[in-house]
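Breakdown of the fold
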Amino acid sequence: MPRLSQNPPPPPAGCVWSKEASRRTGLSVKTLYNYRHLDKGPKPFPVGRKLAYPLDLIEAWLSEQRNPAPDADAAHSSRPSEPRRLRTKRRTEHNAAA
């Protein structure tokens, strides 16, 4: 059985492997894998058995996390507060008879 090389191959130009992407984003490798399946975070592409993360996608994702875009739907879906109701005495049978 051939021995695996101790030195991993270099990532494609302009990309980093999962471990370096983890260091750059501040997320664990496991979180990056979970984000991949949830369609969150920077999008990797497979190279053999490894995942390569493009540096420009990592930087774009980080800047989006720092400056999130306002949610246009949330601004228009809010409704005004309900008017305050004053408490009134309940009318019971005892009050009605008096």
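Report on the accompanying structure. (Residues numbered from 1 in each chain as written. Predicted model: local features only at pLDDT ≥ 70, side-chain atom pairs only at ≥ 80, totals over all residues. Heavy atoms only, no water.)

A few words now on the sheet that holds strand β1 (residues 15-17). In spatial order, the strands read β1-β3-β2; together these three strands make up an open sheet with antiparallel pairing. This sheet does not close on itself; its edge strands, each paired only once, are β1 and β2 (45-47). Recorded for the sheet is a direction-independent mean angle of 45 degrees between the axes of neighbouring strands. For β1 and strand β3 (residues 50-54), the ladder comprises three bridges, and the chain directions are antiparallel. Within β3, the position partnered with Trp17 by the bridge is Ala52. Its contacts with the sheet place helix α1 (residues 18-25) against β1 and β3, and it is angled at close to 100 degrees to β1. (Pairing = 2+ DSSP bridges. Helix = DSSP H or I, 4+ residues; strand = E, 2+ residues; numbered from the N terminus. Axes fitted to C-alpha atoms, helices over the stretch in contact; angles between N-to-C directions. Contact = heavy atoms within 4.5 Å.)

Applying the stated criterion to the full structure yields one aromatic pair. Across from the ring centre of Trp17, 4.8 Å away, lies the NZ or CZ of Lys50, which sits over that ring. (Phe/Tyr/Trp six-rings, centres within 6.5 Å; stacked < 30°, edge-to-face > 60°. Lys NZ or Arg CZ within 6 Å of the ring centre and 35° of its normal.)

Positive phi, close to 55 degrees, is recorded for Asp39, a residue that is not glycine. Looking at the element boundaries, Asp39 is found in the loop between α2 (29-37) and β2.

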